[in-house]
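If you want the building blocks of each chain, they are given just below.
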Amino acid sequence: MLSTESFLELLRLLPDDKRNKLLSNSKLKQYSIDGYRNLKYAPLKVLSAHAVKSHLFCETFLSLVVDEYNCLTPKDAQTFSIEEYPGILAYYLKCGLDVAPIEKRYNELIRETENETVLNPIEEQVKHNMIMKKYLGYVLKQNLYYYNFYPVFTVDNEITKIESPATEFPQKGNINLSSQLYAQHKCSDVFRANQVALIEFSEEDLSENRRGDQLNQTERKLDVDDLYNRNRIHRLKDIDLFPVVHLATKLDFSGSANLILEDNIQNSEDVFVEEEGLLYGPYKVDANHQIKVLKSSNGTIQCWRPKMSKTLDECCLRFDIDIGKYVLRSNLEMFYRDVLSEEELLQSFVRTLKDKRDLNSPEAVVANYMSSVFVGLDSNIAEERKKKISNFIENSRNESHYSKEIASAVAGLFAEYGDDDDLRSVLENALDDPEFSSKIQSLDIVRDKVKREQDKLSKLEKEIEEAQKGLEDTEKQRKSESENKEQRDKIKALELQLDKHKTVENLDFEIQFRERTKEELNKKN
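Residues numbered from 1 in each chain as written. Predicted model: local features only at pLDDT ≥ 70, side-chain atom pairs only at ≥ 80, totals over all residues. Heavy atoms only, no water.

Caption draft 1: Looking closely at the pairing of strand E4 (residues 175-178). Burial of the side chains of E4 extends over both faces: Ile175 and Leu177 are buried on one face and Asn176 and Ser178 on the other. As defined by bridge partners, strand E2 (residues 146-155) adjoins E4 across three bridges and the pair is classed as antiparallel. If you follow Asn148 over to E4, its bridge partner there is Asn176. Summarising the sheet, E4 and strand E7 (residues 214-223) pair through three bridges and their orientation is parallel. Across the sheet, residue Asn176 finds its bridge partner in E7, namely Lys221. (Buried < 20%, exposed > 50% of the residue type's maximum accessible area, 1.4 Å probe, protein only. Helix = DSSP H or I, 4+ residues; strand = E, 2+ residues; numbered from the N terminus. Pairing = 2+ DSSP bridges.)

Structural data, given as structure tokens:
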């Protein structure tokens, strides 16, 4: 497994220009590091830690290095030169091979180089004079029109304080910045008074600073026009250093222009803004010496604070004079701050709920919620926003325009999509604070109203049930009465038949009686 140390060693072995070229390759654009606009601006230690965490970034970068050196096979492992070593090392790291054999050869090559014939003093001096170094210091405008550069640090992979500037740059520890009368780039065009500058030069670039035959106390000078044309005047962000500035008014997150108070900052410089103990940025200074800050679509802004319980002053470089704060981003940690106003928060929340009227499906409601003020946020910010909404509605009672709209919108959603699982999930996510709904007065009214309606419904259902039972009893009674009538009619018919039978029976008896009487009379006669 690739270690941070192995990748860091590869980064250090790569020449600066080649490393920056590779880190700027479009294939690496998707593997950006928060807080760094371009990977080449990130410190080597940050890059190596990023490579260990991101396998794809590491794999892509190693492939770029291999291609750059044309080291596609290990067959050159015993024949490579010192200059080719970064490519061979990248190939071994990419393939997960043991780097010990190539490290051994590289160390042998280094020893052989050190044991080569020592240059004579003149050749050694020439070689020394040609070594380019980057110096970080400040520029002072002196005697109205003289610009002098005061180197304070040397910059390689690390920033190192110069122990004795007056010895290295006699007699005052500074260098005169000169420009010819008709030079294209003059000191006043390139530098501001009291500006911190990063200048790269060698001993060979320095010349004596004389007035006639007299050597000035600032004994050496640099040609500004020459440095500018050779791209030897660098931006501070190249070493991850940024000026800390302050604004004429309170920081505006709407994208409006904010005027910078410090006048020693170059236009087009990248700066951090300090406000209430926090840093915001970095932002680019425009031609009007202003910056524009716009919060993200979810209402947050990128902020920075010192690492490891340090103070901001402890994260800044110290110069010999008071020229403002200059902070190293590697000493800071990034976080996001919620800058959405209470008004904007409530408007967004209400709009998210009300937009359901324009949606024709639960899926659309869910999609709409996904762009709301609770999505894609740090959990602490999301929780804090829920509390703000809850507290606002609780404190503003029923009269609140927003609380009424929220209650109405929620009720409308339930009425339209109440049985949909997706919608229920949305509302649960939006209002998952167990105390939230109980704090919304308007929802209490809605809930009470629903309860009253439910009671009425229960009463009506009971009445309907009783009426239904009564109807059933009535039907039974009617059915019974109908049956009784039939029975009565039948009985009556039977009774009539009975009466008829009785009449017939009586008539028969009468006939028999008369016949007997007749017989008796006949006998008497």
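Moving on from the coordinates now.
Caption draft 2: Inspection of the nonpolar core at higher detail. Of all hydrophobic cores here, the largest spans 37 residues; its most connected members are Phe7, Leu28, Leu47, Phe57, Phe61 and Ile102. It is helix H4 (residues 55-69) that provides the largest number of residues to this core, a total of eight residues. Ignoring sequence-local partners within four residues, the contact set of Leu28 consists of Leu22, Leu23, Leu39, Phe57, Thr60, Phe61 and Leu64. Tyr150, Val245, Tyr280 and Tyr326 belong to the second largest nonpolar core, which has 35 residues in total. (Core = buried A, V, L, I, M, F, W, Y, C linked by side-chain atoms within 4.5 Å. Contact = heavy atoms within 4.5 Å.)

Caption draft 3: Examining the packing of helix H1 (residues 4-13) against H4 more closely. At a closest axis distance of 13 Å, the pairing of H1 and H4 adopts a crossing angle of 35°. The crossing of H1 and H4 is left-handed. Taking contact as the criterion, the partners of Phe7, Leu10 and Leu11 in H1 are, on H4, Phe57, Cys58, Phe61 and Leu62. (Axes fitted to C-alpha atoms, helices over the stretch in contact; angles between N-to-C directions. Left-handed = near helix turned anticlockwise from the far one by under 90°.)

Caption draft 4: Spotlight on the packing of helix H2 (residues 16-23) against H4. In the contact formed by H2 and H4, the axes pass within 10 Å of each other and the chain directions differ by 130°. Comparing their axes, H4 and H2 come out oblique. As for how H2 packs across H4, the hand of that crossing is right-handed. The residues of H4 that touch H2, namely those facing Lys18, Lys21, Leu22 and Leu23, are Phe61, Leu64, Val65, Glu68 and Tyr69. (Parallel < 35°, antiparallel > 145°, perpendicular 65-115°, else oblique.)

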